[in-house]
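Chains, contacts and geometry: an overview
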Amino acid sequence: MRIQPSILSADFANMQRDVERIASADGVHVDVMDNHFVPNLTFGPQMVEAVQRVSPIPLDVHLMIEDADRWAPGYAELGVFSVTFHAEASTDPVALARRIRHLGARASIALKPGTPVEPYLELLPEFDQVLVMTVEPGFGGQSFMADMMPKLRTLRAAAERHGIDLWLQVDGGIALDTIGIAAEAGADTFVAGSAVYGAADVEAAIAELRAAAAASHAH
Ligand SMILES: O=C(CO)[C@@H](O)[C@H](O)COP(=O)(O)O
Ligand SMILES: [Fe+2]
């Protein structure tokens with residue numbers, strides 16, 4: 001059960017402090033938005049490089065940008081742990097995943113709520129992780145979409161069929177009252193922005209989320 005707080009909900013004027021506050025988490029989730037793929041703008045490779053320099057834990061980069069084929073490799077080159085690009089923003093997801101892996105990062109593909117999972121099931125061995133969005137990407141603090149759970153079940157079954165160790169990540173609306181639903185459906189990697197940074201005790205929030213996920217996990 002991996003918990004990855006999203007720094008979209010951190011204080012951008014105190015990024016180093018806010019990354020150091022989540023040292024007990026499994027990774028820091030970094031939301032890159034370009035104002036085109038989503039109607040919101042965050043930061044680019046220079047900020048990711050800066051966060052990477054001070055972070056005590058690995059970086060899980062979530063690219064919500066157009067033309068992922070062109071831009072995603074540059075993030076892998078920064079030495080981050082994992083690079084997620086959106087299926088909707090790549091013309092050749094397999095070629096891009098191979099490039100990301102070749103550059104030393106884990107390759108991860110994200111699916112917006114309206115994107116079906118079936119076209120990707122035979123391609124799963126090309127990826128280290130699939131991100132099932134449980135909100136429309138663009139903003140923190142939205143409500144969890146429980147109707148995405150069939151995608152997780154389908155992916156978990158397909159990964160078992162392939163015999164691969166595929167991480168299934170969920171992102172959007174993950175909190176104490178929803179994390180168990182996603183864990184039960186097969187997720188093992190959980191992004192949480194407002195549920196972590198909105199808590200009075202950030203470390204306690206991470207521990208509680210991890211325990212709630214473990215209590216409901218399908219395996
Ligand atoms: O990718 C995104 C939003 O597009 C996320 O990573 C959010 O940052 C999650 O925030 P919460 O829903 O957990 O508040
Ligand atoms: Fe995200």
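Quick note: structure is the one above.
In what follows, the accompanying structure is described. (Residues numbered from 1 in each chain as written. Chains lettered and ligands numbered in written order. Predicted model: local features only at pLDDT ≥ 70, side-chain atom pairs only at ≥ 80, totals over all residues. Heavy atoms only, no water.)

On to the coordination of the iron ion (ligand 2), then. Around the iron ion (ligand 2), the protein supplies His29 (NE2), Asp31 (OD), His62 (ND1) and Asp171 (OD) as donor atoms, at distances of 2.1 to 2.3 Å. Around the iron ion (ligand 2) sit six donor atoms; with metal-centred angles ranging over 74 to 177°, the donor geometry is octahedral. Read in sequence order, the donor residues for the iron ion (ligand 2) give the motif H-x1-D-x30-H-x108-D. Highlighted residues: His29 in strand E2 (residues 28-33) and His62 in strand E3 (residues 59-64), separated in sequence by 33 residues. For His29, a relative accessible area of 0% puts it in the buried group. Residue classification places His62 among the buried positions, given a relative accessible area of 0%. (Donors = N, O, S within 2.8 Å, 3.2 Å for Na, K, Ca; no water. Tetrahedral: all angles 85-135°; square planar, octahedral: opposite > 155°, others 65-115°. Helix = DSSP H or I, 4+ residues; strand = E, 2+ residues; numbered from the N terminus. Buried < 20%, exposed > 50% of the residue type's maximum accessible area, 1.4 Å probe, protein only.)

Let us now look at the packing of aromatic side chains. Applying the stated criterion across every chain yields a total of three aromatic pairs. Judged by centre distance (5.5 Å) and plane angle (45°), the ring pair of Phe12 and Phe43 falls under tilted. Taken as a pair, Phe12 in the loop between strand E1 (2-5) and helix H1 (15-20) and Phe43 in the loop between E2 and helix H2 (45-54) lie far apart in primary sequence, 31 residues in all. Pairing Phe81 with Trp167 gives two aromatic rings, centres 5.9 Å apart and planes at 40°, and the pair type is tilted. Within this pair, whereas Phe81 is found in the loop between helix H3 (68-76) and strand E4 (82-86), its partner Trp167 is found in strand E7 (residues 167-171), the two being separated by 86 residues in sequence. Classification of Trp167 by relative accessible area gives buried; the value is 12%. Over the ring of Trp167 we find Arg2, and its NZ or CZ is 3.4 Å from the ring centre. Above the plane of the ring of Phe37 lies Lys112, whose end atom (NZ or CZ) is 5.1 Å from the centre. (Phe/Tyr/Trp six-rings, centres within 6.5 Å; stacked < 30°, edge-to-face > 60°. Lys NZ or Arg CZ within 6 Å of the ring centre and 35° of its normal.)

Turning our attention to the sheet that holds E7. Pairing is parallel across the open sheet formed by eight strands, whose spatial order is E1-E8-E7-E6-E5-E4-E3-E2. At either margin of the open sheet sits one strand with a lone partner, and together these are E1 and E2. When strand polarity is set aside, the average angle formed by the axes of neighbouring strands in this sheet is 25°. In this sheet, E4 lies alongside E3 in parallel orientation, the contact comprising three bridges. Counted as the bridge partner of Asp60 is Ser82 from E4. (Pairing = 2+ DSSP bridges. Axes fitted to C-alpha atoms, helices over the stretch in contact; angles between N-to-C directions.)

A few words now on the pairing of E2. A large share of E2 lies buried, amounting to six of its six residues. What you see with E2 is no split at all: Val28, Val30 and Val32 on one side and His29, Asp31 and Met33 on the other are buried throughout. Summarising the sheet, E2 and E3 pair through six bridges and their orientation is parallel. Following the sheet pairing, Val28 is matched in E3 by Leu59. In terms of handedness, the path from E2 via H2 over to E3 forms a crossover that is right-handed. (Right-handed = clockwise from strand over helix to strand, strands pointing away.)

Note that Glu184 resides in helix H6 (residues 179-184). Taking the C-alpha atoms as reference points, Glu184 and Glu208, separated by 24 residues in sequence, lie 16 Å from one another. Within the structure, the side chain of Glu184 is placed 3.2 Å from the side chain of Arg153, a separation counted as a polar contact. (Polar contact = N/O pair within 3.5 Å; in protein donor to acceptor, adjacent residues only side chain to side chain.)

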